[in-house]
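Listed here are the chains, written in short residue letters.
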Amino acid sequence: GAGVSQSPRYKVAKRGQDVALRCDPISGHVSLFWYQQALGQGPEFLTYFQNEAQLDKSGLPSDRFFAERPEGSVSTLKIQRTQQEDSAVYLCASSLGGGFRAHYGYTFGSGTRLTVV
Amino acid sequence: AQTVTQSQPEMSVQEAETVTLSCTYDTSESDYYLFWYKQPPSRQMILVIRQEAYKQQNATENRFSVNFQKAAKSFSLKISDSQLGDAAMYFCAYRSRLPSGGSNYKLTFGKGTLLTVNP
């Protein structure tokens, strides 16, 4: 597609429920990033993929968070046993380049707003 | 660790006037990249302008320009001839190396400045 597509746009989950957030990057983009943006804050890095390889997951806040990109295109961020502190906007970004070139043309999606009640 | 500080939670400007948003950062690196992103209510982060630290010339994109002071670690954004469509959250960001090393980087963002444009 023309841009980075994320679904759902809004998700309400009961505490303890598992959720899956989808990111459909621009076709052919090598790099894919997930960021978490809490209310009133800037986005914070979660994880980075280059094609299907997850090269860095240092930002994942706990082992309840898991991300995958099995075929090097669509990515899914899964959160198990959601907690109230997981409430945030989850942003996905993709880039044509990999490595240090990844930030030359970085396109964000519109995010998924997750609310845990 | 690299940090990015935006000291102005909110700013306002009259339409057609000029406004400057402040950003300071902390780093021990000599070569790095800095960015300003705009986030309207649609939530999509949109790149406004990018500055390479090795370039002494300040970046300019139409009505948007930066004042990059490397020694002071300051990176302010100037918006000239402000338009109603400029109203949004503005984030300053720094490209920082990931723990996995190599050529893997992430963006580290400040907390943002909410810009209001008054007609």
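Up top is the structure.
Keep in mind that what you see is a predicted model, and the values were worked out from it rather than measured.

Enquirer: Where do I start with the overall build of chain A in this structure?
Expert: When helices and strands are tallied, chain A shows 0 helices and 11 strands. The N-to-C order of helical and strand elements in chain A reads β-β-β-β-β-β-β-β-β-β-β. For a compact globule of 117 residues, the expected C-alpha radius of gyration is about 13 Å, and chain A comes in at 13 Å, within 12% of that figure. Projecting the C-alpha coordinates of chain A onto the three principal axes gives extents of approximately 40 × 25 × 25 Å. Out of the 117 residues in chain A, the part that is buried amounts to 47%. Expressed as a percentage of contacts within chain A between residues at least 6 apart in sequence, the contacts between residues at least 24 apart total 55%.

Enquirer: Hey, could you run me through the overall build of chain B in this one?
Expert: The secondary structure content of chain B amounts to 0 helices and 12 strands. Along its sequence from the N terminus, chain B presents helices and strands in the succession β-β-β-β-β-β-β-β-β-β-β-β. Radius of gyration (C-alpha) of chain B: 14 Å, near the 14 Å computed for a compact globule of 119 residues. Principal-axis analysis of the C-alpha atoms places the extent of chain B at approximately 50 × 30 × 25 Å. By residue count, 49% of the 119 residues in chain B fall in the buried class. Contacts in chain B between residues far apart in sequence, at least 24 positions, make up 54% of those at least 6 positions apart. When the accessible area of chain B is evaluated, it comes to approximately 5700 Å², of which 45% is carbon and sulfur surface. On chain B, the mean spot of the 12 positive side-chain charges and the mean spot of the 10 negative ones are 8 Å from each other.

Enquirer: I would appreciate a short explanation of the interface of chain B and chain A in the present structure.
Expert: Put simply, an interface is often sized by how much accessible area is lost when its parts join up. The interface is formed by 22 residues belonging to chain B together with 29 residues belonging to chain A. When chain B packs against chain A, close to 2100 Å² is buried across both sides, 52% of that on carbon and sulfur atoms. Taken together, the links from chain B to chain A amount to 0 salt bridges. There are 9 residue pairs in polar contact (both at pLDDT 80 or more) connecting chain B and chain A. Contributing elements (two or more residues each) for the side of chain B that touches chain A: strand 5 (33-39), strand 10 (88-97) and strand 11 (105-109) of chain B. The residue makeup of the side of chain B that touches chain A, split by class, is 10 nonpolar, 7 polar and 5 charged.

Enquirer: Would you mind going over the nonpolar core with me for this structure?
Expert: Soluble globular proteins tend to bury their nonpolar side chains together. Core analysis: the biggest nonpolar cluster contains 25 residues, and B:Tyr25, B:Trp36, B:Phe75, B:Leu77 and B:Tyr90 have the highest contact counts within it. Of all the elements in the fold, those that place two or more residues in this core are strand 3 (19-21), strand 5, strand 6 (46-52), strand 8 (64-69), strand 9 (74-79), strand 10 and strand 12 (113-118) of chain B. Ranked by the residues each element gives to this core, the list is headed by strand 10 of chain B, at 4 residues. Of all hydrophobic cores here, the second largest spans 20 residues; its members include A:Val19, A:Leu21, A:Ala67 and A:Val116.

Enquirer: Which parts of the structure should I look at to understand the sheet that holds strand 1 (residues 5-7) of chain A?
Expert: The pairing of strands in a sheet happens through backbone hydrogen bonds and is either parallel or antiparallel. Residue and element names in this part refer to chain A. Spatial strand order, 1-3-8-7: 4 strands in an open sheet with antiparallel pairing. The open sheet has two edge strands, strand 1 and strand 7 (65-68), and neither has a second partner. Averaged over all pairs of adjacent strands, the angle between their axes in this sheet comes to 15°, without regard to strand direction. Of the pairings in the sheet, the one linking strand 1 to strand 3 (residues 19-24) comprises 3 bridges and is antiparallel in character. Looking across to strand 3, one finds that Gln6 is bridged to Cys23.

Enquirer: Explain the state of the cysteines to me, please; I cannot follow it from the model alone.
Expert: The term disulfide refers to a covalent linkage connecting the sulfur atoms of a pair of cysteines. Residue and element names in this part refer to chain A. Scanning the model with the defined rule gives 2 disulfides over all chains in all. Here Cys23 is linked by a disulfide to Cys92, with a sulfur-sulfur distance of 1.9 Å. Disulfide Cys23-Cys92: torsion about the S-S bond near -65°, hence left-handed. Separated by 69 residues along the polypeptide, Cys23 in strand 3 and Cys92 in strand 9 (residues 88-95) bring together distant segments of the chain.

Calculation rules
- Residues numbered from 1 in each chain as written.
- Chains lettered and ligands numbered in written order.
- Predicted model: local features only at pLDDT ≥ 70, side-chain atom pairs only at ≥ 80, totals over all residues.
- Heavy atoms only, no water.
- Helix = DSSP H or I, 4+ residues; strand = E, 2+ residues; numbered from the N terminus.
- Rg over C-alpha atoms; globule rule 2.2 N^0.38 Å.
- Buried < 20%, exposed > 50% of the residue type's maximum accessible area, 1.4 Å probe, protein only.
- Contact = heavy atoms within 4.5 Å.
- Areas by Shrake-Rupley, 256 points an atom, 1.4 Å probe, with all protein chains shown as cover.
- Lys, Arg positive; Asp, Glu negative; His and termini not counted.
- Charge placed at Lys NZ, Arg CZ, Asp CG, Glu CD.
- Buried area = accessible area lost by both parts, 1.4 Å probe.
- Salt bridge = Lys/Arg side-chain N within 4 Å of Asp/Glu carboxyl O.
- Polar contact = N/O pair within 3.5 Å; in protein donor to acceptor, adjacent residues only side chain to side chain.
- Nonpolar A, V, L, I, M, F, W, Y, C, P; charged D, E, K, R; others polar.
- Core = buried A, V, L, I, M, F, W, Y, C linked by side-chain atoms within 4.5 Å.
- Pairing = 2+ DSSP bridges.
- Axes fitted to C-alpha atoms, helices over the stretch in contact; angles between N-to-C directions.
- Disulfide = S-S within 2.5 Å.

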